[in-house]
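# Fold and contact review
The chain contents come next:
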Amino acid sequence: NAGVTQTPKFQVLKTGQSMTLQCAQDMNHEYMSWYRQDPGMGLRLIHYSVGAGITDQGEVPNGYNVSRSTTEDFPLRLLSAAPSQTSVYFCASSGTGREKLFFGSGTQLSVL
Amino acid sequence: GIQVEQSPPDLILQEGANSTLRCNFSDSVNNLQWFHQNPWGQLINLFYIPSGTKQNGRLSATTVATERYSLLYISSSQTTDSGVYFCAVGRTGSYQLTFGKGTKLSVIP
């Protein structure tokens, strides 16, 4: 049982490049979410999904896109990376959104 | 949005000591969770506790939703308890989980 799997673990981008952070869970969870963690800021919600085909914005959605075509996968897309998007990104999932939340191991992203 | 305040921001303990971490929030909630982020960055869920009291080994948590606070108790602390403890809350009717800025705990031998 792998839980929540994020790839890649590390990534360096140049300003303006695009990329997709992958997130997959094998627990049949309906709820999935993306957070970014910056020093002194705690974790801030970017986007979340309560089921396949349903997504919604969190606290800091600008510059990020998501889609949820399957229950298992919830990719996060950066369309045109900016230095302000340098951060550690965490994907998380729970059964219904009002149960224990389980996190992936994170992706450290640097935008130069 | 809902405000979440954690105290203290930093805490240094001698191994074997007990501690209490506090989480205050500004609105009614139906979701409250405590997490531990270890020095390697991994986030571990400690408790899902929107109300009441739970215990897991040396850790216990109490949430008094009507008074808008939650407490995390760590007894007989060990060096492996070091890291940052986060409280996260979800306002009633919302699926968004808002995190506090955390309490950084250092347990010294």
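Up top is the structure.
Reading guide: rules and limits
Residues numbered from 1 in each chain as written. Chains lettered and ligands numbered in written order. Predicted model: local features only at pLDDT ≥ 70, side-chain atom pairs only at ≥ 80, totals over all residues. Heavy atoms only, no water. Helix = DSSP H or I, 4+ residues; strand = E, 2+ residues; numbered from the N terminus. Buried < 20%, exposed > 50% of the residue type's maximum accessible area, 1.4 Å probe, protein only. Contact = heavy atoms within 4.5 Å. Areas by Shrake-Rupley, 256 points an atom, 1.4 Å probe, with all protein chains shown as cover. Polar contact = N/O pair within 3.5 Å; in protein donor to acceptor, adjacent residues only side chain to side chain. Pairing = 2+ DSSP bridges. Axes fitted to C-alpha atoms, helices over the stretch in contact; angles between N-to-C directions.

Another aspect to go through is the overall build of chain B. Helices and strands together make up the secondary structure of chain B, namely zero helices and 11 strands. Taken from the N to the C terminus, the helices and strands of chain B come in the order β-β-β-β-β-β-β-β-β-β-β. The principal-axis extents of the C-alpha atoms in chain B amount to approximately 45 × 25 × 20 Å. Residues classed as buried in chain B amount to 49% of the 109 residues present. Of the contacts formed within chain B by residues at least 6 apart in sequence, a portion of 56% connects residues at least 24 apart. Total accessible area on chain B stands at roughly 5200 Å², and carbon and sulfur atoms take up 48% of it.

The next thing to look at is the side chain of glutamine 33 of chain B. Within the element layout of this structure, glutamine 33 of chain B appears in strand β4 (residues 29-37). In this structure the side chain of glutamine 33 of chain B is engaged in a polar contact, spanning 2.9 Å, whose partner is the backbone nitrogen of leucine 101 of chain A. A polar contact is formed between the side chain of glutamine 33 of chain B and the side chain of asparagine 45 of chain B, at a distance of 2.6 Å. If sequence neighbours within four positions are ignored, glutamine 33 of chain B has contacts with Glu99, Lys100 and Leu101 of chain A together with Asn45, Phe47, Tyr48, Phe86, Cys87, Ala88 and Leu97 of chain B.

Moving on to the sheet that holds strand β1 (residues 4-7) of chain A. All names here are of chain A. Reading across from one edge, β1-β3-β8-β7 is the order of the four strands in this open sheet, with antiparallel pairing throughout. Either end of the sheet is taken by a strand with one partner, and the two such strands are β1 and β7 (64-66). In this sheet, neighbouring strand axes are inclined to one another by 20° on average, regardless of whether the strands run parallel or antiparallel. Pairing between β1 and strand β3 (residues 19-25): four bridges, direction antiparallel. Each bridged residue has a counterpart across the sheet, and for threonine 7 the counterpart in β3 is glutamine 22.

With that settled, consider the environment of threonine 96 of chain A. Residues and elements named next belong to chain A. By the element assignment, threonine 96 lies in the loop between β9 (87-94) and β10 (102-103). You can call threonine 96 partly exposed: its relative accessible area is 40%. Separated by 67 residues in the primary sequence, threonine 96 and histidine 29 place their C-alpha atoms 6.9 Å from one another. A polar side-chain atom of threonine 96 sits 3.2 Å from the main-chain amide nitrogen of arginine 98.

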